[in-house]
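The lines below spell out each chain.
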Amino acid sequence: MEEKIIIKNLCKEFYDPQRGIVKAVDNVSFSAYKGEVFGLLGPNGAGKTTTLRMMATLMKPNSGSIQIAGYDTENDPRNVRRSIGYMSSSTALYPRLSPREIITYFAELNDYPKNEIPMRVEKIIRYFGIGDYADTYSEKLSTGMKQITSIARTIVHDPPVLILDEPSSGLDVIVAQKIHNYINDLKNEGKTIIFSSHNMGEVEKICDRIGIINNGKLLTVGTINELRTISSKYYLEEIFIYFVNEFEKRVENAY
Amino acid sequence: MKILISLYLKDLLRNKMLGIMVILVPIIFYPLIYWGITQFLMVKSGFEESRKVNLYYRIVDPGFSDLKDSIAAIRSLVPVETAEPETEKNGISLIVTRLNELPRYEVLLDSSNAVHKSFYGGLEEKLTAYYQTELEKLMTDKNYQKEYFRVYNIESVNIEGQNEIITKILSFIIPLMAVISIISSVAAASVELGSGHSEDKTTETTLTIPADRKDVILSKFFTVVIYGMLAGLVNFILLVTMIIVIFKNMIGQVEAGLADFDWGLIINFKNLSISFVSLVLIAFFVSLIFVTAAGFASKRKDGNIMVSPFTAIITYLPLVIVIPAIEPNILIAMTPVLNIAFALKLIISNDLNIAFIAEAVAFSFIWVIVMYRFLFPFLLEEEVLLGYSNTSLIRKIKIKMGKWKKK
């Protein structure tokens, strides 16, 4: 299987006035393959967003390396950006632009062939069912509409790798279901999708492999069945707690 | 960058609240201008009324002694006959002799004394009228032909008339108002693009397009410059229209004669071109300062706090140009924004001070280099770009300084 994402020994530190230097991401390594949905599962502050931001070249790691679609984020950030579609945890839409305008602008900004842009935008609008509100300012859209527009904007230039930071966070069941279906379709098209969430059910449902992350450390990686076998637990919630406890035990023993 | 600028500009121009604010702020100042102009003119009229100036005169040829009556009729001018008028320093001096059967005047006044200059107009009018009377008398008595006489001509040096006064007033009002409108619009746009985009996380998405971070920041900067210029131009047009249509009549009521002001002195191609270039430069420098300031904040609220002190300083700085006694100097040339506004004032009032303009240009270049070299790199730092909530500004600066030391 073709490795589209290779992360090795990734570390990122921040300074916090109260806590001093904080290791947000601590020696994280994993890979993701073509046509795979890889879920980063962890509570708030676990280091998911920081990992995704480093993958998207928004942040530079203190150490370690990231390769996306064969390009190194440190040495070739421009080609990495060309190969990814990044969706932040917020919808991040320009409030006074319509979905059609935003999607078109991002196709242009991501160097999509100019003459194909109108056709591509129409196709995306149709696929995501944005037509009814395609020309409404995004500030007037509901949260679900904004989130769908945001995903549409992320994939408009047809990148091989998608980095989605909690794409269904705060959405109702129906819209969340729609988004899960889109992610599934994109996976079937051969896209590699890195997906972060703290929603266990969602991760279990749509991810091929899961990485459990807590306090900046990647505790384990595997398919849901592999994780069930190792932990002897069935529900992902229990599996998560098992790995967190196991890790703490290991740390205590080490001291 | 073009696409980004177009995207940012479209979003900004559609922001109705921002637009209304940008247009409204300077309009609020317009009544103040009217009040300022009328107060200035009233004070000026009252000032002239209250002042008495001595006219020390000596009529050498007794044939012209009836000139005394004409001189006595000049308002606020106190005629004092003396044998040695040229030695007097506290008033205007006049010596009247005879040349070719006609009066010849020698007027001595202190050209640096604005009161002397303002009274000279009245005196000149009387002397010219007396000369004409004598000329006509001579032609009648001797049956001379008019064409044999040279036309009476006075060479006026350093004499300020009403047109010059209005030119002076408008030469500080126009740059001042344009600068204020640019400052208010650039401040609002900088907060929206700098801090607002961090708050909305749109910065994150634009930073993942295949472009340099520098290009993203520069696009924001140029968008703010363009927005500031557009707001400046709209306000400039509004201001000029208001001055021509409304103030002209109002000012005319305060001081007779001002309604006939030759607007071509102010509203001409040269001045409009200079104003345009100056407005571009001012928008450039104000944007440079504000985009940098707002870039350090990750929320609109913080952005306003960051920008406020600069807004206050930069707004009050151009007020210096309304102080007539202040001459161009090196300190003004060193101060960004103020130096361009001051140069604009000088050029509109036809006072081309090449040395000052050269200094202003030189210091402007230095400021651009300082900002680009020392402040711009901060904006490219991920802590600043993404607005980490737990990282203080001081810490950001320390991190940056630490990196420089390591290098």
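Because the structure is a prediction, the values reported are computed rather than measured.

Procedures and definitions
- Residues numbered from 1 in each chain as written.
- Chains lettered and ligands numbered in written order.
- Predicted model: local features only at pLDDT ≥ 70, side-chain atom pairs only at ≥ 80, totals over all residues.
- Heavy atoms only, no water.
- Pairing = 2+ DSSP bridges.
- Helix = DSSP H or I, 4+ residues; strand = E, 2+ residues; numbered from the N terminus.
- Axes fitted to C-alpha atoms, helices over the stretch in contact; angles between N-to-C directions.
- Salt bridge = Lys/Arg side-chain N within 4 Å of Asp/Glu carboxyl O.
- Parallel < 35°, antiparallel > 145°, perpendicular 65-115°, else oblique.
- Contact = heavy atoms within 4.5 Å.
- Nonpolar A, V, L, I, M, F, W, Y, C, P; charged D, E, K, R; others polar.
- Phe/Tyr/Trp six-rings, centres within 6.5 Å; stacked < 30°, edge-to-face > 60°.
- Buried < 20%, exposed > 50% of the residue type's maximum accessible area, 1.4 Å probe, protein only.
- Lys NZ or Arg CZ within 6 Å of the ring centre and 35° of its normal.
- Arc of directions from axis to C-beta.
- 1 Å grid on protein atoms, 1.4 Å probe; cavity = no way out; pocket = protein on both sides within 12 Å on 5 of 7 lines; lining within 4 Å.
- Points joined across faces, edges and corners; volume = space filled by probe spheres on them.

(A) Quick peek at the sheet that holds strand E6 (residues 84–87) of chain A. Residues and elements named next belong to chain A. One open sheet holds the six strands; their spatial order is E6-E7-E8-E3-E9-E10, and the pairing between them is mixed. Looking at which strands have only one partner, the edges of the open sheet turn out to be E6 and strand E10 (217–222). Each neighbouring strand pair of the sheet contributes to a mean axis angle of 15°, computed without reference to strand direction. Here E6 pairs with strand E7 (residues 161–165) via four bridges, running parallel.

(B) Broad picture of the pattern of salt bridges. Taken as a whole, this structure holds 20 salt bridges over all chains when the rule is applied. Across the pair Glu139 of chain A and Arg96 of chain A runs a salt bridge whose closest N-O atoms are separated by 3.8 Å. Remark: Arg96 of chain A occurs in the loop between E6 and helix H3 (99–109) and Glu139 of chain A occurs in the loop between helix H4 (117–128) and helix H5 (143–155); sequence separation between them is 43 residues. Of the charged contacts in the structure, one is a salt bridge between Glu122 of chain A and Arg100 of chain A, with a shortest N-O distance of 2.4 Å. Of this pair, Glu122 of chain A sits in helix H4 while Arg100 of chain A sits in helix H3, and the two are 22 residues apart along the sequence. If you follow the salt bridges from partner to partner, you end up with Arg96 and Glu139 of chain A together with Asp11 and Glu192 of chain B in one network.

(C) Molecular detail of the sheet that holds strand E3 (residues 91–99) of chain B. Residue and element names in this part refer to chain B. On the basis of which strands lie adjacent, the open sheet formed by four strands has the order E2-E1-E3-E4 and mixed pairing. In this open sheet, the two strands that pair with only one neighbour each are strand E2 (77–81) and strand E4 (102–108). Going from strand to strand, the sheet's axes swing by 25° on average, the running direction of each strand aside. With seven bridges joining them, E3 and E4 adopt antiparallel strand pairing. Considered in E4, the bridge of Val96 is made with Tyr105.

(D) Representation of the packing of helix H8 (residues 269–295) of chain B against helix H11 (residues 338–348) of chain B within the structure. Residues and elements named next belong to chain B. In contact at an axis separation of 10 Å, H8 and H11 are set at 175° when each is read in the N-to-C sense. Between H8 and H11, the crossing angle belongs to the class labelled roughly antiparallel. Along the contact surface, H8 presents Lys270, Asn271, Ile274, Ser275, Ser278, Leu281, Ile282 and Phe285, while H11 presents Ile340, Ala341, Leu344, Ile347 and Ile348. By residue class, the composition of the contact of H8 with H11 is nine nonpolar, three polar and one charged.

(E) Local environment of the packing of aromatic side chains. Inspection of every chain in the model, using the stated rule, returns ten aromatic pairs over all chains. Ring geometry for Phe128 of chain A against Tyr182 of chain A: centres 4.4 Å apart, planes inclined by 65°, an arrangement best described as edge-to-face. Highlighted residues: Phe128 of chain A in helix H4 and Tyr182 of chain A in helix H6 (residues 173–188), separated in sequence by 54 residues. Of the two residues examined, Phe128 of chain A and Tyr182 of chain A, each falls in the buried class. Aromatic rings pair up to connect Phe221, Phe222, Phe284 and Phe285 of chain B into one cluster. Above the face of the Phe106 of chain A ring, Arg153 of chain A is positioned so that its terminal group lies 5.2 Å from the ring centre. Looking at Arg228 of chain A, its charged tip hangs above the ring of Tyr234 of chain A, at a distance of 4.0 Å from the centre.

(F) Here's a closer look at helix H8 (residues 224–231) of chain A. Residues and elements named next belong to chain A. All buried positions along H8 are accounted for by Ile224, Leu227, Arg228 and Ser231. Considered in projection along H8, the buried side chains sweep an arc of 105° and stay on one side of the axis. Trailing H8 by a residue or two, Ser232 shows a phi angle of about 60°, which is positive.

(G) Structural detail: the pairing of strand E4 (residues 63–68) of chain A. All names here are of chain A. In terms of strand pairing, E4 meets strand E5 (residues 71–72) through two bridges, oriented antiparallel. Within E5, the residue paired with Ile68 across the bridge is Tyr71. Counting the residues in the hairpin turn of E4 and E5 gives two residues, including Ala69, whose phi is positive at 50°.

(H) Representation of empty space enclosed by the protein within the structure. For the structure shown, the criterion picks out six cavities of 30 Å³ or more. A volume near 110 Å³ is recorded for the largest cavity. Lining the largest cavity are Gly194, Ser198, Thr203, Ile217, Lys220, Val291, Gly295, Leu379, Val384 and Leu385 of chain B. A class-by-class count of the residues in the lining of the largest cavity yields five nonpolar, four polar and one charged. Its volume calculated, the second largest cavity comes out at about 70 Å³. Considering the residues around the second largest cavity, the lining is formed by Ile84, Gly85, Tyr86, Phe106, Asn110, Arg153, Thr154 and His157 of chain A together with Thr205, Thr208 and Ile209 of chain B. Taken together, the elements giving at least two residues each to the lining of the second largest cavity come down to E6 and H5 of chain A. Sort the elements by how many residues they give to the lining of the second largest cavity and E6 of chain A lands first, with three residues.

(I) Representation of unusual backbone geometry within the structure. Residues and elements named next belong to chain A. For Thr57, which is not glycine, the phi torsion reads 65° and is therefore positive. Within the element layout of this structure, Thr57 appears in the loop between helix H1 (48–55) and E4. Even without being a glycine, Asp158 presents a positive backbone phi close to 55°. Of note, Asp158 is situated in the loop between H5 and E7. With relative accessibility at 38%, the residue Asp158 sits in the partly exposed group.

(J) Just the environment of Val216 of chain B, in detail. All names here are of chain B. Turning to its location among the elements, Val216 is positioned in helix H7 (residues 213–254). Given a relative accessible area of 1%, Val216 falls into the buried group. Beyond its immediate chain neighbours, meaning those up to four positions away, Val216 contacts Leu4, Tyr8, Thr206 and Leu207.

Limitation: the analysis is restricted to geometry and does not speak to function.
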